[in-house]
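What the coordinates show
Now for the letters of each chain:
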Amino acid sequence: MTILLGSIADDYTGASDLANTLTKNGLRTVQTVGIPDPSLPLPDVDAVVVSLKIRSVAAGEAVAAAGTAERWLRGRGAMHVLYKICSTFDSTDKGNIGPVTEALAELAGGGIVLVTPAFPETGRTVYLGHLFVNGQPLDESPLKDHPLNPMHDANLVRVMARQSRGAIGLIDLSAVAAGPDAVKARLDALRADGASAAIADAVFDRDLETLGEVTLRTPVSSGASGLGLGLARALVRSGRVPSRVSGTADAIRPVGGHAAVIAGSCSNATLRQLAIAEQAMPVLRLDPERLLTAAPDEISAALSWAEARMEAGPIIIAASTTPEAVSELQSRYGREISGRAIEAATSAIAAELVARGARRLVVAGGETSGAAVDKLAIPAFLIGPEIAPGVPVLRTVGNPQGDMLLALKSGNFGGDDFFAAALAMMR
Ligand SMILES: Nc1ncnc2c1ncn2[C@@H]1O[C@H](COP(=O)(O)OP(=O)(O)OP(=O)(O)O)[C@@H](O)[C@H]1O
Ligand SMILES: O=C(O)[C@@H](O)C(=O)CO
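Residues numbered from 1 in each chain as written. Chains lettered and ligands numbered in written order. Predicted model: local features only at pLDDT ≥ 70, side-chain atom pairs only at ≥ 80, totals over all residues. Heavy atoms only, no water.

A word on the site of ligand 2. Neighbouring ligand 2 are Asp11, Thr13, Gly14, Asp17, Arg55, Lys84, Ile85, Cys86, Ser87, Ser410 and Phe413. The contact in question runs from an oxygen atom of ligand 2 to an N or O atom on the side chain of arginine 55, over 2.7 Å. Within the side chain of lysine 84, one N or O atom sits 2.9 Å away from an oxygen atom of ligand 2. Contact with the protein chains removes 95% of the 270 Å² of surface that ligand 2 exposes when unbound. When each cavity is represented as a set of grid points, ligand 2 is found to reside in the largest pocket. If one sorts the elements of the shell around ligand 2 by residue count, helix α1 (residues 12-24) sits on top with three residues. (Near = heavy atom within 4 Å. Polar contact = N/O pair within 3.5 Å; in protein donor to acceptor, adjacent residues only side chain to side chain. Areas by Shrake-Rupley, 256 points an atom, 1.4 Å probe, with all protein chains shown as cover. 1 Å grid on protein atoms, 1.4 Å probe; cavity = no way out; pocket = protein on both sides within 12 Å on 5 of 7 lines; lining within 4 Å. Sits in = over half its atoms within 2 Å of the grid points. Helix = DSSP H or I, 4+ residues; strand = E, 2+ residues; numbered from the N terminus.)

Let's shift gears to the pairing of strand β11 (residues 220-223). Here β11 shows two buried faces, one formed by Val220 and Ser222 and the other by Ser221 and Gly223. As paired elements, strand β4 (residues 80-84) and β11 share four bridges and run parallel to each other. Considered in β11, the bridge of leucine 82 is made with serine 221. (Buried < 20%, exposed > 50% of the residue type's maximum accessible area, 1.4 Å probe, protein only. Pairing = 2+ DSSP bridges.)

With that out of the way, let us pick up the site of ligand 1. Among the 24 residues in the neighbourhood of ligand 1, the closest are listed as His146, Ser265, Ser267, Glu343 and Thr368. One of the side-chain nitrogen or oxygen atoms of arginine 55 is found 3.4 Å away from an oxygen atom of ligand 1. In the model, an oxygen atom of ligand 1 is placed 2.5 Å from a nitrogen or oxygen of the serine 267 side chain. Coverage of ligand 1 by the protein chains reaches 98% of its 640 Å² of free accessible surface. The site holding ligand 1 turns out to be the largest pocket. Mapped onto the shell around ligand 1, the elements with two or more residues apiece are α12 (323-333), α13 (335-355) and α14 (366-376). In the shell around ligand 1, the residues fall into eight nonpolar, 12 polar and four charged. (Nonpolar A, V, L, I, M, F, W, Y, C, P; charged D, E, K, R; others polar.)

In the numbering adopted here, UniProt assigns the feature "domain: Four-carbon acid sugar kinase N-terminal" (unreviewed entry) to residues 5-229. Note that residues 5-229 is 36% helix and 22% strand, and that its end C-alpha atoms are spaced 12 Å apart. (UniProt positions renumbered as here; feature names shortened; annotations may be inferred.)

By the definition in use, this model includes zero disulfides. Considering cysteine sulfurs only, cysteine 266 is the nearest to cysteine 86, which forms no disulfide, with 15 Å between them. In this structure cysteine 86 comes out as buried when scored by relative accessible area, which is 13%. According to the relative accessible area criterion, cysteine 266 is buried, its value standing at 17%. (Disulfide = S-S within 2.5 Å.)

What the largest pocket holds in volume is close to 660 Å³. Taken together, 45 residues line the largest pocket, and the ones lying closest to its centre are His146, Pro147, Gly264, Ser265 and Cys266. Breaking the lining of the largest pocket down by element, the ones donating at least two residues are α1, α10 (288-293), α12, α13 and α14. It is α12 that contributes the most residues to the lining of the largest pocket, six residues altogether. Residue classes in the lining of the largest pocket are distributed as 12 nonpolar, 21 polar and 12 charged. (Points joined across faces, edges and corners; volume = space filled by probe spheres on them.)

Take the sheet that holds strand β6 (residues 124-127) next. Read from one edge to the other, the open sheet built from three strands follows the order β6-β7-β8, with strand pairing classed as antiparallel. Each of the sheet's edge strands pairs with one partner strand only, and the pair in question is β6 and β8 (136-137). Here β6 pairs with strand β7 (residues 130-133) via four bridges, running antiparallel. Looking at the pairing, threonine 125 lines up with phenylalanine 132 of β7.

Next up on the list: the side chain of threonine 88. Mapped onto the elements, threonine 88 comes out in the loop between β4 and α3 (97-107). Accessibility expressed as a relative area gives 2% for threonine 88, which makes it buried. Within the structure, threonine 88 has its side chain in polar contact with the side chain of aspartate 90 (distance 2.5 Å). Excluding residues within four positions of it along the chain, threonine 88 makes contact with Arg124, Leu131, Val133, Leu138, Leu143 and Met151. (Contact = heavy atoms within 4.5 Å.)

Here the UniProt feature "domain: Four-carbon acid sugar kinase nucleotide binding" (unreviewed entry) sits at residues 260-419. This span, residues 260-419, is 48% helix and 24% strand, and a straight line between its end C-alpha atoms measures 10 Å.

Moving on to the pattern of salt bridges. Applying the stated criterion across every chain yields a total of 31 salt bridges. Linking aspartate 153 and arginine 158 is a salt bridge whose minimum nitrogen-to-oxygen distance equals 2.8 Å. When its relative accessible area of 47% is taken as the criterion, arginine 158 is described as partly exposed. Sharing partners across several salt bridges, the network here consists of Lys53, Glu336, Arg340, Glu343 and Glu367. (Salt bridge = Lys/Arg side-chain N within 4 Å of Asp/Glu carboxyl O.)

So this is what it looks like as structure tokens:
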């Protein structure tokens, strides 16, 4: 298998979001979970997205894992590697966007890296280096209350500088609007001034097409799905990918079995989606404190509740709660400890539901999805049709439990009726 584009995603929902964008824009794409075992039969593809769970781990660990994935992708022919970060730039002053971006640049022989989380289709735009989420500056958006990495600064040049060794430049919208040559000139000038990375403005897809054109000629970039769109379209325009009708329908051949939703995301969109779903299907609200203090009992109570209902139709089990309740729990038990304990519990519940016959699973939240997919030991996914921007239906490849359909929903993605819409596409 020789691939044209490689990507390392810092979480699993982000990986499926990017794989969806690449597929929609003409690249045959597979999403792997970590580096696949050589025995795993992967389809012939143009792009591979390696999902890692490195968004909120120690920077050294993230750098090491990304480096291993980079070597694997380059070994399969990838000329360009996109480090897929969150469109809301989820990170802290310690990383991991800065350290991983710099490490990937070093592995590729140095140079400056273009960075942009812009993804206009989901309302993420960057102007003068400031990130807007559905029109609100990042630090005024719901991301200010994120359970693991609350975002308190919309100025990404500053945010990135705090987590990088090198200086960070800006490619502003006037350069982007002037086209690829102007962007290339700005990138070269920033590089000559010693910058290790540059935040690029982008408001419309055409800006991302310009950025994709330039970055495709460099070895590394960091960005969200919008940059993936730019890279995919540039590859198609270059003639290196034959234009073909994207065929995702086969990936959603029915798998039968029971259907369940597991939610660990406390993002606004997920809270709204749960409130809507609650009017139409059984929802179990887990007791988050008991997940920390009496997890085995809370898990087995959840499983008894589910077993009694799953035969009749889809069920939802959620740890999700309001920002106030999250901070209250975190102030008593610690942010890291509560997040990880709840992920361990929701992933154990997901695995037990699969053991009891669930074959269709929707998981809400990046960290929550990563923990569940790891627990299920699913090695890779084929990309099916899109449920909502950034969220495709996924079909497992080489899954020890047999074929399953999943949807891994990023916390802030999807419309109010997301859960019903996802389940309607998964039979
Ligand atoms: N009731 C709760 N109290 C405290 N933390 C919680 C609670 N419920 C879930 N969590 C934790 O909050 C974190 C949510 O992160 P996750 O990445 O899953 O969702 P998200 O941030 O909304 O999604 P994304 O990263 O895709 O935007 C997880 O670590 C989860 O375990
Ligand atoms: O880019 C995004 O917003 C998502 O793909 C994501 O990474 C959320 O976890």
